[in-house]
Amino acid sequence: MKHLILSAFEINGVNLTSQGLWAHPENQTYRYKDLNYWVDLAKLLDRGGFDLLFLADSYGYPVLNGTTPDVAFEQAVEIPKNDPMLLLPAMASHTDQLSFAITTSTTFEHPYANARRLATLDHLTGGRLGWNVVTTSSAVVCELFGRTPVPHDERYAMAQDFLDVTYKLLESSWEDDAVVADKAARLYANASRIHPIEHDGPYFSVSGYFNCEPSPQRTPVILQAGASPAGRRFAGANAEVSFLQGKDAAMLRGQVDDLRAAAVAAGREPDAIKSISGLSVVTAPSRAQAEERLEEYLSWVDPEAARTYYASMTGIDLKSLDPDASFADVRTEGGRTQVDRYRDNTVAEATADFLRRGMRELIVVGTPDEVADEIAALADYTGLDGFNVTPFVSPGSYAEFIDDVVPQLRRRGLLPTEPRRGTLRERIFGQGAVRRPAAVSTAR
């Protein structure tokens, strides 16, 4: 039986996915500006055997019909939020095994500056770094950066060019033995082992030396979450971990199969990409108590804030659609992941589901034994490699999962009895798998 990958899903802001839940008495996310909050959370996850803390991010905020609704500010819908990248060195310095994944955009960043930050963080974390690659779609972000919107599929073409030059920078400029650091010989690096790179692509041009020496992983673990055909092709060629977005087990099983097929189509092994789905857990001594707690959590959701949140991700105002229409007919140049998940529903069904669940995928409720059994069944049926644990309240949801559910998963052989060690890539693919296989051949 394979061991599951455990990831925690966070943003450096007030709300995560259930808009309005920030005000719950048990929720501490309003402390997002307090570094101690993040350090304590990282230490909790490290103690609990989590492999990864994934920090989603975006520059944007909600805009509907040309204005930002007051509810966005009142309920902190995607605004305010801080840059999560700056949290990593502090969290890494207080943890031993926990890895971290940050999000940057291939549409609005430059490959050279981004690669330099990634290499720096991979050094400072000792190789415990992943990079969630996103292709930003928000019109408001285009306005903030003074850029023209890029059509959906072209964003993925741009992303591929971005990654192609990033691989060259991180993998090809410095040879493995370039750094000598010999004080007696007064030689830090061997100039003959360091090379300029040349890249003249359709979107990005870079010529010269990369000014960071090789980090433990060179290229951080590549994570990605696109569900459109273009997104799946991009994942097939590049991703090592893919975040899936299905609202039930059958949809997720289909997405796992599609992901494996995309890897094969790109000339890779079907298990070269590990699949992870969001998972929210509510547990209690009895199922009835757990179900009651779930309803109490969901009672804090603000419907208008939730609709605003959906519009910020997709560019679609749910109120403007015909409730009886099929969601399969909805089109957008914005993010399509949260559109594709409802392709088999009517607008009314999709709206009701999103207002209740937000962006959450799987919600498992019951006693610790029942929750562990359902997680095991989900992993077996879908073929998922792991779960992105999405809390209702933080840090309480994580603490309950660690104290009550993790021991049950270990007893079932779904988690190792001792936390996995090494770089993030080794934790995912096994000891010795430090480098990205597809990139090893590109190093000089």
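This text goes with the structure placed above it.
Keep in mind it's a predicted model, so treat the numbers as computed, not measured.

Asks: Help me understand the overall build of the chain in this model?
Replies: When its secondary structure is counted, the chain shows 16 helices and 13 strands. Against the 2.2 N^0.38 benchmark of 22 Å for 444 residues, the chain shows a C-alpha radius of gyration of 22 Å, consistent with a compact globule. Dimensions along the principal axes, computed over C-alpha positions, put the chain at roughly 70 × 50 × 45 Å. The contacts in the chain between residues at least 6 apart in sequence include a share of 76% that link residues at least 24 apart. On the chain, roughly 18,100 Å² of surface is accessible, and the fraction owed to carbon and sulfur atoms is 51%.

Asks: Help me understand the packing of aromatic side chains in this model?
Replies: What characterises a pair of aromatic rings is the spacing of the ring centres plus the angle enclosed by the ring planes. For the structure on display, the rule yields twelve aromatic pairs. Between Phe50 and Tyr398, the aromatic rings sit 6.2 Å apart at their centres with planes inclined by 90°, giving edge-to-face as the arrangement. In this pair, Phe50 sits in the loop between α1 (35–47) and β2 (52–56) while Tyr398 sits in helix α14 (residues 396–411), placing the two residues 348 residues apart along the sequence. Here Phe50 matches Tyr398 in class, with each residue buried. Joined through ring pairs, the aromatic side chains of Phe9, Phe54 and Phe243 make up one cluster. The ring of Phe392 has Arg360 lying over it, and the distance from NZ or CZ to the ring centre is 3.8 Å. A cation over an aromatic ring shows up here: Arg436 above the ring of Tyr167, its NZ or CZ 3.5 Å from the ring centre.

Asks: How do you make sense of the nonpolar core when you look at a structure like this?
Replies: The nonpolar side chains of a soluble globular protein tend to be buried, and buried together. With 67 residues, the main nonpolar core has Phe50, Met91, Ile375, Phe387 and Phe401 as its most contacted residues. Ignoring sequence-local partners within four residues, the contact set of Phe50 consists of Leu6, Ser7, Ala8, Leu45, Leu98, Val389, Tyr398, Phe401, Ile402 and Arg427. Among the nonpolar cores identified, the runner-up in size contains 31 residues, and Leu223, Ala305, Ala350 and Ile428 belong to it.

Asks: Looking at this model, I keep getting lost on the pairing of strand β9 (residues 221–224). Mind explaining?
Replies: Remember that side chains alternate between the two faces of the sheet whenever the strand is regular. Both faces of β9 are covered, namely the face carrying Val221 and Leu223 and the face carrying Ile222 and Gln224. Across four bridges, strand β4 (residues 129–134) lies against β9 in parallel orientation. The residue of β9 that forms the bridge with Gly130 is Val221. Following the chain from β9 across helix α7 (residues 229–238) to the adjacent parallel strand β10 (residues 241–244), one finds a crossover that is right-handed.

Asks: Whenever I open this one, the side chain of Asn12 confuses me. Can you help?
Replies: With respect to the secondary-structure elements, Asn12 resides in the loop between β1 (5–11) and α1. Look at Asn12 and you get buried, because its relative accessible area is 4%. Setting aside anything within four residues of it in sequence, one finds Asn12 in contact with Tyr32, Trp38, Lys81, Asn82, Asp83, Pro84 and Leu87.

Asks: Explain the side chain of Asn388 to me, please; I cannot follow it from the model alone.
Replies: Following the sequence through the fold, Asn388 ends up in strand β13 (residues 386–389). Of the residues examined, Asn388 reaches a relative accessible area of 6% and is grouped as buried. When residues no more than four places from it in sequence are discounted, the contact partners of Asn388 are Ser7, Ala8, Phe9, Phe54, Phe243, Ile276, Ser277, Gly278 and Leu279.

Asks: What's the story with the pattern of salt bridges in this structure? I'm lost.
Replies: Side chains that carry opposite charge are capable of pairing whenever their charged atoms lie near each other. In this structure the tally under the stated criterion is 20 salt bridges. Notably, a salt bridge pairs Asp385 with Lys2, separated by 3.1 Å at the nearest N-O pair. Separated by 383 residues along the polypeptide, Asp385 in the loop between α13 (368–382) and β13 and Lys2 in the segment before β1 bring together distant segments of the chain. Among the residues examined, Asp385 registers a relative accessible area of 10% and is labelled buried. Judged by relative accessible area, Lys2 falls into the partly exposed class, the value being 38%. A salt bridge links Asp51 to Arg420, with the nearest nitrogen and oxygen atoms 2.7 Å apart. Placement of Asp51 in the loop between α1 and β2 and of Arg420 in the loop between α14 and α15 (424–429) is noted, with a sequence separation of 369 residues between them. For Asp51, a relative accessible area of 2% translates into the label buried. When its relative accessible area of 18% is taken as the criterion, Arg420 is described as buried.

Asks: Please clarify how the pairing of strand β11 (residues 274–283) should be interpreted in this entry.
Replies: In terms of burial, β11 is a largely internal element, ten of the ten residues being buried. Note: β10 against β11, four bridges, orientation parallel. Across the sheet, the residue bridging to Phe243 is Ile276, located in β11. In this fold, the crossover linking β10 to β11 by way of helix α8 (residues 249–265) has right-handed handedness. Direction of pairing for β11 relative to β13: parallel, over a ladder of four bridges. From the neighbouring strand, Ile276 faces β13, where its bridge partner is Gly386.

Asks: Help me understand helix α4 (residues 111–124), please; the structure alone is not making it clear to me.
Replies: Because each turn of an α-helix spans 3.6 residues, side chains separated by three or four positions in sequence point in the same direction. Over its 14 residues, α4 extends 20 Å from the first C-alpha to the last, a length consistent with the 20 Å expected when each residue adds 1.5 Å. Contact partners of the buried residues in α4: α3 (88–93), β3 (99–105), β4 and α6 (152–172). Residue Gly126 follows α4 closely and has a positive phi angle near 70°.

Asks: Can you help me understand α13 in this one?
Replies: The end-to-end C-alpha distance of α13, which contains 15 residues, comes to 21 Å, matching closely the 21 Å that a straight helix rising 1.5 Å per residue would cover. All of the buried residues along α13 are Pro368, Val371, Ala372, Ile375, Leu378, Ala379 and Thr382. Here the buried residues of α13 occupy an arc of 125° about the axis, which is enough to place them on one side. Positive backbone phi, at 80°, marks Gly383, one or two positions downstream of α13.

About the thresholds
- Residues numbered from 1 in each chain as written.
- Predicted model: local features only at pLDDT ≥ 70, side-chain atom pairs only at ≥ 80, totals over all residues.
- Heavy atoms only, no water.
- Helix = DSSP H or I, 4+ residues; strand = E, 2+ residues; numbered from the N terminus.
- Rg over C-alpha atoms; globule rule 2.2 N^0.38 Å.
- Contact = heavy atoms within 4.5 Å.
- Areas by Shrake-Rupley, 256 points an atom, 1.4 Å probe, with all protein chains shown as cover.
- Phe/Tyr/Trp six-rings, centres within 6.5 Å; stacked < 30°, edge-to-face > 60°.
- Buried < 20%, exposed > 50% of the residue type's maximum accessible area, 1.4 Å probe, protein only.
- Lys NZ or Arg CZ within 6 Å of the ring centre and 35° of its normal.
- Core = buried A, V, L, I, M, F, W, Y, C linked by side-chain atoms within 4.5 Å.
- Pairing = 2+ DSSP bridges.
- Right-handed = clockwise from strand over helix to strand, strands pointing away.
- Salt bridge = Lys/Arg side-chain N within 4 Å of Asp/Glu carboxyl O.
- Expected span 1.5 Å × (residues − 1).
- Arc of directions from axis to C-beta.

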